[in-house]
Amino acid sequence: MIDVAHAKGSAPSSVASSGVSSSMMGPIVIRRPSELSAAERTAWERFMDAMPTPTPYLSPEFADLVERHRGGVFVALLHGDGAVPGTDPPLGFFPYQTDGGGVGRPVGGGLNDFHGLLAPAELPIDLRTLLAACELRVWKFDHLLPHPAFAPFVERRDPSAYLDLSEGYEAYYQGRRAAGSRKVKQVARMDRKFDREDGPLTFEPHVPNVDLLDQLIEWKRAQYAAAGLFDMFTLGWPRELLVDLLTMRSPRLTGRFSVLFRNGEMVAGDLGMRCGAVLHSWYCAYDTAYSSHGPGHICTLRAAEAAAADGITRVELGKGPEDYKRSFASDAREVAEGSVDFRAVAPLARTCRQAFRGAKATAANSPAAEPLRRLVRRVKVLTAGARPF
């Protein structure tokens, strides 16, 4: 545990430009998740419960899970000016992961689909002071939830798709059809055809079976290889984390492994995390032998239908360019990519990142750019291999 009490002072100009003053920022306490007192953990849970759209990625349970299997997880407890840590409750929480060396990432690194500060927008935040307390030179993010303190450091914004099930599955389904999406009707037709010609198909909303989870992981690894992406499962610990997730049950983090079967054999799976009335679809994969039947899409919609029946009002699909997300999504919320970096080299690093994103966009959109696409995939493999997941 590290307790850091800071004197009052002016915010650096880059932070002050966000409209948030640091003049009332008080002590910052750094703890590992396992070091939190019962009162501190309860305060964190209250922040979670007050979120309009909760996410398991910001929960203490997710921090516990990653700390147990990966390590390097900490949380900064933010207090107001004049507060006494341990007596006065924290006013905000900043969970993060680091291996030392001054570089920080969200908890779980590349596995984390939503991250940021659990703090009121009006709470004064001096990010330079916060990073110093965390012993970080830089904190990198790529799925950041909005907070005014981070606004000056955002380099890119992307939509993160979700399904609105607040009025039930049938209302969602008819809403997508009315909006002009033909995909949901097409998948429903493929579902019936698959069941009739190659079935029978059955579906289970949650199957805590490790052998089936391993099959899902093998399919996912094949997807990584086909796309030229880094296979995070070579690190070992992500698989063990997912095994633990199968049996986790708490209000803020419950594992949910939905499986589509053909004649009793798994043909598609969707491993997610439930947080209150929100379900995050996390790892989806299918048996490519049945690609023509669309088992992955069938599993996604059947999982959504079962989720609505269980009281889930929203299914998060995450950001990404996949066509099915645009077709299935009711709407999207914004997440951001960037880096909180006060080093002298920060402007150059930012320029390089922007240039690389431009190259990726060109590689994705130009039919004549296959050599560039291969180069981008190779760079992603090399850089992801060193990424501190």
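Anything mentioned here points back to the structure above.
Residues numbered from 1 in each chain as written. Predicted model: local features only at pLDDT ≥ 70, side-chain atom pairs only at ≥ 80, totals over all residues. Heavy atoms only, no water.

> Give a description of the packing of helix 2 (residues 38-50) against helix 3 (residues 60-69) that names residues and reports values.
Between helix 2 and helix 3, the shortest axis-to-axis distance is 10 Å and the interhelical angle comes to 120°. Classed by the angle they form, the pair helix 2 and helix 3 counts as oblique. Touching R41, W44, E45 and M48 of helix 2 are P60, E61, A63 and D64, all from helix 3. (Axes fitted to C-alpha atoms, helices over the stretch in contact; angles between N-to-C directions. Helix = DSSP H or I, 4+ residues; strand = E, 2+ residues; numbered from the N terminus. Parallel < 35°, antiparallel > 145°, perpendicular 65-115°, else oblique. Contact = heavy atoms within 4.5 Å.)

> Explain unusual backbone geometry to me, using residue names and the numbers behind them.
Residue P200 is reached from G199 by a cis peptide bond, and omega for that bond is 15°. Turning to its location among the elements, P200 is positioned in the loop between helix 6 (183-198) and strand 8 (201-204). Here the phi dihedral of E135 falls at roughly 60°; this positive angle occurs in a residue that is not glycine. By secondary structure assignment, the location of E135 is in the loop between helix 4 (127-133) and strand 6 (138-144). Note on E135: relative accessible area 59%, which makes it exposed. Positive phi, close to 50°, is recorded for N263, a residue that is not glycine. Following the sequence through the fold, N263 ends up in the loop between strand 9 (254-262) and strand 10 (265-275). (Buried < 20%, exposed > 50% of the residue type's maximum accessible area, 1.4 Å probe, protein only.)

> Hey, could you go over the pairing of strand 10 for me, with residue numbers and the actual values?
For strand 10, the tally of buried residues reaches nine of eleven residues, placing the bulk of the element in the interior. Relative to strand 10, strand 9 runs antiparallel, the two sharing nine bridges. In the sheet register, F257 faces strand 10, and the bridge partner there is L271. Hairpin connection of strand 9 to strand 10: two residues between the antiparallel strands, including N263 at a positive phi of 50°. Bridge count between strand 10 and strand 11 (residues 278-286): eight bridges; the pairing is antiparallel. From the neighbouring strand, L271 faces strand 11, where its bridge partner is Y283. (Pairing = 2+ DSSP bridges.)

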